[in-house]
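Residue-level listing of the chains:
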Amino acid sequence: MTYKKKIIFLVAIFFALFILTACNISNTKAGDYNPRTRTYYIAAEDVEWDYAPESKDLSEEKLEEKVWLTQTKYDKTRFIEYTDDTFAVKKEQPAWLGILGPIIRGVPGDTIKVVFLNQANKTYSIHPHGLLYTPENEGVVRDDVGGKDMAAPGERYTYTWQVTEDAAPSLNEGGSKVWLYHSHVDAVSDIYEGLMGPIIITSRASANEDGTPRDVDKEFVTLFLIFDESEEGMSDEEKEGHLKHAINGYIFDTLPGLEMKKGDKVRWHLLGLGTEVDLHTPHWHGETVSVRGQYTTDVVELLPASMISVDMVADNPGEWMYHCHVGDHITAGMSAMYTIAG
Ligand SMILES: [Cu+2]
């Protein structure tokens, strides 16, 4: 190569690298996403919840040996989404969300507004993780804001939260990640009552107009939480049957709708809540998952208030177990099934 050709070659390489870098920056930082205000209408409502709606399919013999199936219906309170501020028409949500409240979505630059109507019989609030808020929008009991950011029965409160880059997935994490929201008037009992849900934040580079990510075909959210339905005065033996080792509020493989097809890229958003007994290890049969592009596994460690998003390529058709791998929790029915259509 002559000296002149070498120079031309080096200049060409330099320009190629420059263009690649420029594309990459614009792709990851800005994209073509226009930030907006997303408004959600969410009510707290007292409901009857069934932890095992299909348990009648189990044989009498099996029902008898499983103390957790003796009683499956309890009074709960849930976050329920409506289409507008008249709170007349409920918005449908996927069956697999179970007892969870609606998915709140956002993209960096967005403002999220939640018009909260308390139709239940106790004072509740909505406290978000990961988002930017002022004390008036924090959703906790604070003397300095005079308890304004919550709603007594029959009242409304509107929360305003900002989605910043701090809430978004970093480059190696994939296009979206999960956060929690929950009532925080009594941060312990409000959660056992059923008042929690997911926030999913998508990077600007990956966001569709509706806030869903472009880099996967499906997203599922699963919460591992042992609901304590026991009452004072019960013996320890009696209490055990009222500890509902649930995934999204369902026990013994009754969680519906975890369905995908062969080849789907699937993002599983995992949430934990609860107390010392809530040490969970969600495990997929039949597949592995990539944890934020760092490593591959088929068991993830979840502690109370953990929020972990992992990616699966559904390449092994079949009906597979998805359960907590803690021995005591397997016995108590902390399991679900998921299906990959071939
Ligand atoms: Cu567990």
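From a predicted model like this one, the values you see are computed outputs, not experimental measurements.

Enquirer: Break down the confidence of the model for the protein chain for me, citing the residues and quoting the values.
Expert: Of all residues in the protein chain, 88% have pLDDT values of 70 or greater, and the mean over the chain is 91. Of the regions scoring below 50 in pLDDT, residues 21–29 engages in seven contacts with residues more than four places distant in sequence or in other chains.

Enquirer: Requested: an account of the pattern of salt bridges, with residues and values cited.
Expert: Summed over all chains, the structure comprises 11 salt bridges. In this structure, K76 engages E229 in a salt bridge whose closest nitrogen and oxygen atoms are separated by 2.6 Å. You can see K76 sitting in strand β2 (residues 73–82) and its partner E229 sitting in the loop between β9 (218–228) and α4 (236–240), a full 153 residues away along the chain. E229 carries the same exposure label as K76, and that label is buried. The residue R105 makes a salt bridge to E219 at a minimum N-O spacing of 2.8 Å. Of the two residues, R105 sits in strand β3 (residues 104–106) while E219 sits in strand β9, which places them 114 residues apart along the sequence. A network of salt bridges, in which partner residues are shared, links E173, K177 and R292.

Enquirer: Any details on the environment of L243? Residues and values, ideally.
Expert: With respect to the helices and strands, the residue L243 is situated in strand β10 (residues 243–247). Separated by 18 residues in sequence, L243 and L225 place their C-alpha atoms 9.8 Å apart. In this structure, L243 is in contact with W68, I226, F227 and D228, ignoring residues within four places of it in sequence.

Enquirer: Kindly report on the coordination of the copper ion, identifying the contributing residues and their values.
Expert: Within the first shell, the copper ion binds the protein through H280 (ND1), C324 (SG) and H329 (ND1), at distances of 2.0 Å. In terms of primary sequence, the donors binding the copper ion are separated according to H-x43-C-x4-H. A residue pair is termed long-range when its members are at least 10 positions apart, and H280 in the loop between β12 (265–272) and β13 (282–284) and H329 in helix α5 (residues 327–331) qualify at 49 residues.

Enquirer: Give me the packing of aromatic side chains: which residues, what numbers.
Expert: The full count for this structure, using the stated rule, is 18 aromatic pairs. Ring centres of Y51 and Y74 lie 5.7 Å apart, and the angle between their planes is 70 degrees; this geometry places the pair in the edge-to-face category. Of this pair, Y51 sits in the loop between β1 (37–50) and α2 (60–65) while Y74 is found in strand β2, placing the two residues 23 residues apart along the sequence. We note that Y51, like Y74, is buried. Taking 5.7 Å as the distance between ring centres and 45 degrees as the angle between the ring planes, the aromatic pair formed by F79 and Y181 counts as tilted. Taken together, the residues span a long stretch of sequence, with F79 in strand β2 and Y181 in strand β7 (residues 176–182) at a distance of 102 residues. A relative accessible area of 0% means that Y181 is categorised as buried. The rings of W96, F220, F224, W268, W284, Y322 and Y338 are connected pair by pair, giving a single aromatic cluster.

Enquirer: Tell me what's going on with the sheet that holds strand β18 (residues 335–341), and back it up with residues and numbers.
Expert: Strand pairs in the sheet, formed through backbone hydrogen bonds, run parallel or antiparallel to each other. The strand order across the open sheet built from four strands is β11-β18-β17-β13, with neighbouring strands paired in mixed fashion. If you trace the sheet from one side to the other, it starts and ends with β11 (259–261) and β13, each paired once. With direction set aside, neighbouring strand axes in the sheet form an average angle of 25 degrees. The sheet contact formed by strand β17 (residues 318–324) and β18 spans six bridges and is antiparallel. From the neighbouring strand, W320 faces β18, where its bridge partner is Y338.

Enquirer: Go over the environment of G342 with me, naming the residues and quoting the values.
Expert: If you trace the backbone, G342 turns up in the segment after β18. When the C-alpha atoms of G342 and P317 are compared, they prove to be 4.8 Å apart, with 25 residues separating the residues in sequence. For G342, the residues in contact, after removing those within four places along its chain, are K262 and P317.

Enquirer: Go over the sheet that holds β10 with me, naming the residues and quoting the values.
Expert: What the six strands build is an open sheet, ordered β10-β9-β12-β16-β14-β15; its pairing is mixed. Across the chains shown, the open sheet's two edge strands, defined by having one partner strand only, are β10 and β15 (295–297). On average, adjacent strands in this sheet sit at an angle of 25 degrees to one another, irrespective of strand direction.

Enquirer: Tell me about unusual backbone geometry, and name the residues and values.
Expert: Phi at F87 takes a positive value of approximately 50 degrees, unusual for a residue other than glycine. Here F87 is to be found in the loop between β2 and β3.

Enquirer: Give a detailed account of the nonpolar core, specifying residues and quantitative values.
Expert: If you look at the biggest cluster of nonpolar residues, it comprises 52 residues, and the most contacted ones within it are M196, L258, M260, W268, W284, Y322 and Y338. Ranked by the residues each element gives to this core, the list is headed by β9, at seven residues. Other than its neighbours up to four places away in sequence, M260 contacts K218, F220, V266, W268, M312, A314, Y338, T339, I340 and A341. One finds I42, F116, Y159 and I201 within the second-largest nonpolar core, a separate group that totals 24 residues.

Enquirer: I'd like a rundown of the pairing of β17, residues and numbers included.
Expert: Across three bridges, the pairing between β13 and β17 is antiparallel. Counted as the bridge partner of H283 is H323 from β17.

Enquirer: So what's going on with the pairing of β2? Which residues, and what values?
Expert: Where burial is concerned, most of β2 is hidden: eight out of the 10 residues are buried. With 10 bridges connecting them, β1 and β2 associate as antiparallel partners. When the bridges of β2 are listed, D50 appears paired with K73.

Here is what the cut-offs are and how they apply
Residues numbered from 1 in each chain as written. Predicted model: local features only at pLDDT ≥ 70, side-chain atom pairs only at ≥ 80, totals over all residues. Heavy atoms only, no water. pLDDT = per-residue confidence, 0-100. Contact = heavy atoms within 4.5 Å. Salt bridge = Lys/Arg side-chain N within 4 Å of Asp/Glu carboxyl O. Helix = DSSP H or I, 4+ residues; strand = E, 2+ residues; numbered from the N terminus. Buried < 20%, exposed > 50% of the residue type's maximum accessible area, 1.4 Å probe, protein only. Donors = N, O, S within 2.8 Å, 3.2 Å for Na, K, Ca; no water. Phe/Tyr/Trp six-rings, centres within 6.5 Å; stacked < 30°, edge-to-face > 60°. Pairing = 2+ DSSP bridges. Axes fitted to C-alpha atoms, helices over the stretch in contact; angles between N-to-C directions. Core = buried A, V, L, I, M, F, W, Y, C linked by side-chain atoms within 4.5 Å.

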